[in-house]
Structures are given as structure tokens and as C-alpha cells.
Amino acid sequence: GESVGLHLPTLSVQEGDNSIINCAYSNSASDYFIWYKQESGKGPQFIIDIRSNMDKRQGQRVTVLLNKTVKHLSLQIAATQPGDSAVYFCAENTTGRRALTFGSGTRLQVQP
Amino acid sequence: ETGVTQSPTHLIKTRGQQVTLRCSSQSGHNTVSWYQQALGQGPQFIFQYYREEENGRGNFPPRFSGLQFPNYSSELNVNALELDDSALYLCASRQGTSGNTGELFFGEGSRLTVL
């Protein structure tokens with residue numbers, strides 16, 4: 001069956017370093033991918049999305065890379081700050097489906 | 001612009017009881033989805049409402065039901081509560097037709113504890 005998973009449950013980085021959070025998906029038909037940030041006690045917050053006709057998209061301090069060949073998605077955060085500490089989820093969707101399928105999340109801890 | 005708001009924020013119920021959770025969608029959004037997030041897990045899709053009709057459902061039993069009102073607000077009802085229903089229930093809204101995904105805006109959630 002389809003699944004979205006994450007390689008590492010917890011990632012610890014030093015403030016100012018770059019962070020890379022990885023995600024694997026199994027559904028070849030997936031054509032839309034999103035990264036969400038969820039802080040403790042809050043709902044998921046949209047970070048960045050990418051469609052399958054792209055392999056890279058950049059936002060403010062964040063970059064999403066998509067490798068459809070190996071069904072892999074990554075989120076890069078430049079100059080990680082303490083405010084980036086949260087759980088990060090990747091999610092995928094296929095055109096025509098109503099639901100987003102979320103992975104189980106990676107906790108990012110930023111050390112001062 | 002008002003974001004997605006949910007109520008109540010926390011509630012405690014006992015097994016067998018019924019619960020109603022409420023959601024006001026973001027201004028201008030006509031599509032509302034509900035997700036269940038168990039502790040330490042990613043959100044799981046329950047169902048979606050568009051123009052007051054359910055137009056998508058995840059793998060949840062019929063005791064999970066919902067409504068959408070003309071102002072696009074929504075309710076999630078869960079009957080015959082079970083211990084495993086303890087979770088954070090998230091409402092998300094977006095603007096779009098039934099076929100699009102678009103960017104979902106989530107509320108802060110309603111934390112349900114079933115004893």
C-alpha cells in the first residue's frame with residue numbers, strides 16, 4: 001500500500017547550521033508534496049509545496065527537493081534558528097484524491 | 001483575515017459517550033477537512049466537506065460523521081467513543097473545487113481524551 005515515511009525520527013542541529021529532513025514515499029502516482037511544521041500544542045503550519053513536474057523549489061530559508069526516481073523528498077532549512085525547533089511532516093497527494101497522506105514526522109531540535 | 005478556529009480546545013469524555021467538535025473555516029474557504037492525529041503520529045484523513053456535502057472519506061467507521069453549514073463552518077461528531085479515539089482532531093480549510101488539493105490551513109485542534 002501507499003505510505004509516506006521519514007528516515008529519522010529526531011534530528012539535532014546547532015544553531016546556524018543547515019538542516020536536512022528526509023522523507024520517502026511509495027506511491028508512484030503521487031504528484032503533489034507538502035512540508036508542514038508543527039509546534040507543540042499547535043496545528044500543522046504550511047511551509048512549502050512542490051508538484052511532481054518540478055524537482056526543486058525554494059522559499060524563504062527553505063528548499064524542497066524532489067527525486068521521483070527514488071521517491072524521495074527532502075526539506076532543507078538554511079541557517080537553522082531556535083524557532084525552527086518543531087516536528088516536521090511531509091505529506092503527499094495524488095490528483096483526484098481528497099486526502100493528504102502524512103508521514104509520522106521528524107522532530108528537529110536546534111541546539112544554541 | 002481570520003484563520004481556522006476550533007472549539008473546544010480540550011475535552012474529556014468517557015467510553016460510549018458522544019462528542020461534537022466545531023470548526024470555523026478561514027475566511028473565503030469553502031472546503032473543510034478533518035484529520036485525527038494520535039500522539040506521536042502524523043494526521044490521518046477522516047473526511048472532507050465541500051458545499052455542505054461529504055466528498056471524500058478516509059478509513060474511519062460510520063460513527064465518525066460530520067456536517068458543513070452554509071457559512072462553510074463544520075462539525076465533527078463521534079458516537080460511541082472508544083479509548084482509541086483519544087487524539088488531537090484537526091480541522092483544515094482551503095479554497096478550491098472538489099478536485100483540487102491546494103494549500104490547507106489547519107486550526108490548532110481539539111484535544112479529546114476518552115477515559
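Residue positions within a chain follow its written sequence, with the count starting from 1. Working convention: letters from A go to chains and numbers from 1 go to ligands, in the order in which they are written. In keeping with the predicted nature of the model, local features appear solely for residues at pLDDT of at least 70, side-chain atom pairs appear and are counted solely at 80 or more, and the whole-chain, interface and lining totals rest on all residues. Working from all heavy atoms in the structure, the side-chain values ignore hydrogens and water.

## Some remarks on the state of the cysteines
- When two cysteine sulfur atoms lie within 2.5 Å, the pair is treated as a disulfide. A full pass over the atoms with the stated rule returns two disulfides over all chains.
- One disulfide in the model links Cys 23 of chain A with Cys 90 of chain A; its S-S distance is 1.8 Å. Its S-S torsion of approximately 55 degrees makes the covalent link between Cys 23 of chain A and Cys 90 of chain A right-handed. In this pair, Cys 23 of chain A sits in strand S3 (residues 19-25) while Cys 90 of chain A sits in strand S9 (residues 86-93), placing the two residues 67 residues apart along the sequence. Residue Cys 23 of chain A shares its accessibility class with Cys 90 of chain A, and that shared class is buried.
- The disulfide partner of Cys 23 of chain B is Cys 91 of chain B, and the S-S distance across this bridge is 1.8 Å. Because the sign of the S-S torsion sets the handedness, a value of about -65 degrees for the bond joining Cys 23 of chain B and Cys 91 of chain B places this disulfide among the left-handed ones. Each helix corresponds to a stretch of at least 4 residues labelled H or I by DSSP, and each strand to a stretch of at least 2 residues labelled E; elements are numbered beginning at the N terminus. To sort residues, take the accessible area from a 1.4 Å probe on protein chains only and compare it with the maximum for the residue type: under 20% means buried, over 50% means exposed, and anything in between is partly exposed.

## A closer look at the interface of chain B and chain A
- The interface of chain B with chain A comprises 21 residues on the first partner and 19 residues on the second.
- Put simply, buried area is how much 1.4 Å-probe accessible surface two parts lose in total, over both of them, once they are put together. Between chain B and chain A, the buried area comes to about 1,500 Å², and carbon and sulfur atoms account for 53% of it.
- In the sections that follow, a salt bridge refers to a side-chain nitrogen of Lys or Arg positioned within 4 Å of a carboxyl oxygen of Asp or Glu. The tally of links between chain B and chain A comes to zero salt bridges.
- Pairs of N or O atoms are called polar contacts if they sit within 3.5 Å, as long as, within protein, a hydrogen donor faces a hydrogen acceptor (for residues adjacent in sequence, only side-chain-to-side-chain pairs). Applying the counting rule to chain B against chain A returns four residue pairs in polar contact (both at pLDDT 80 or more). The contact rule is simple, with two residues in contact once any of their heavy atoms fall within 4.5 Å.

## Notes on the confidence of the model for chain A
- In this model, chain A carries an average pLDDT of 90, and 93% of its residues clear a pLDDT of 70 or more.
- As a per-residue measure, pLDDT tells how confident the predictor is, with possible values from 0 to 100. For chain A, per-element mean pLDDT is lowest for strand S1 (residues 4-5) of chain A, which scores 52, and highest for strand S7 (residues 62-67) of chain A, which scores 98.

## A short note on the packing of aromatic side chains
- Working definition: a ring pair exists when centres of Phe, Tyr or Trp rings (six-membered ring for Trp) sit within 6.5 Å. Plane angles under 30 degrees give stacked, over 60 give edge-to-face, the rest tilted. Applying the stated criterion to the full structure yields 11 aromatic pairs over all chains.
- Taking 6.2 Å as the distance between ring centres and 85 degrees as the angle between the ring planes, the aromatic pair formed by Phe 89 of chain A and Phe 102 of chain A counts as edge-to-face. Residue Phe 89 of chain A is located in strand S9, and its partner Phe 102 of chain A is located in strand S10 (residues 101-102); the two are separated by 13 residues in the primary sequence. This pair shows no difference in class: Phe 89 of chain A is buried, exactly as Phe 102 of chain A is.
- Judged by centre distance (5.4 Å) and plane angle (90 degrees), the ring pair of Phe 47 of chain B and Tyr 49 of chain B falls under edge-to-face. Both residues of the pair, Phe 47 of chain B and Tyr 49 of chain B, belong to the buried class.

## A short note on the side chain of Asn 77 of chain B
- Examined against the element boundaries, Asn 77 of chain B turns out to sit in strand S8 (residues 74-78).
- At 2.6 Å, the side chain of Asn 77 of chain B forms a polar contact with the side chain of Thr 20 of chain B.

## Observations regarding the side chain of Gln 6 of chain B
Residues and elements named next belong to chain B.
- When you line up the elements, Gln 6 lands in strand S1 (residues 5-7).
- For Gln 6, a relative accessible area of 11% corresponds to the buried category.
- Within the structure, Gln 6 has its side chain in polar contact with the backbone oxygen of Tyr 89 (distance 2.9 Å).
- In this structure the side chain of Gln 6 is engaged in a polar contact, spanning 3.0 Å, whose partner is the backbone nitrogen of Gly 109.
- Residue contacts for Gln 6: discarding those within four places in its chain leaves Arg 22, Cys 23, Trp 34, Tyr 89, Leu 90, Cys 91, Gly 107, Glu 108, Gly 109 and Ser 110.

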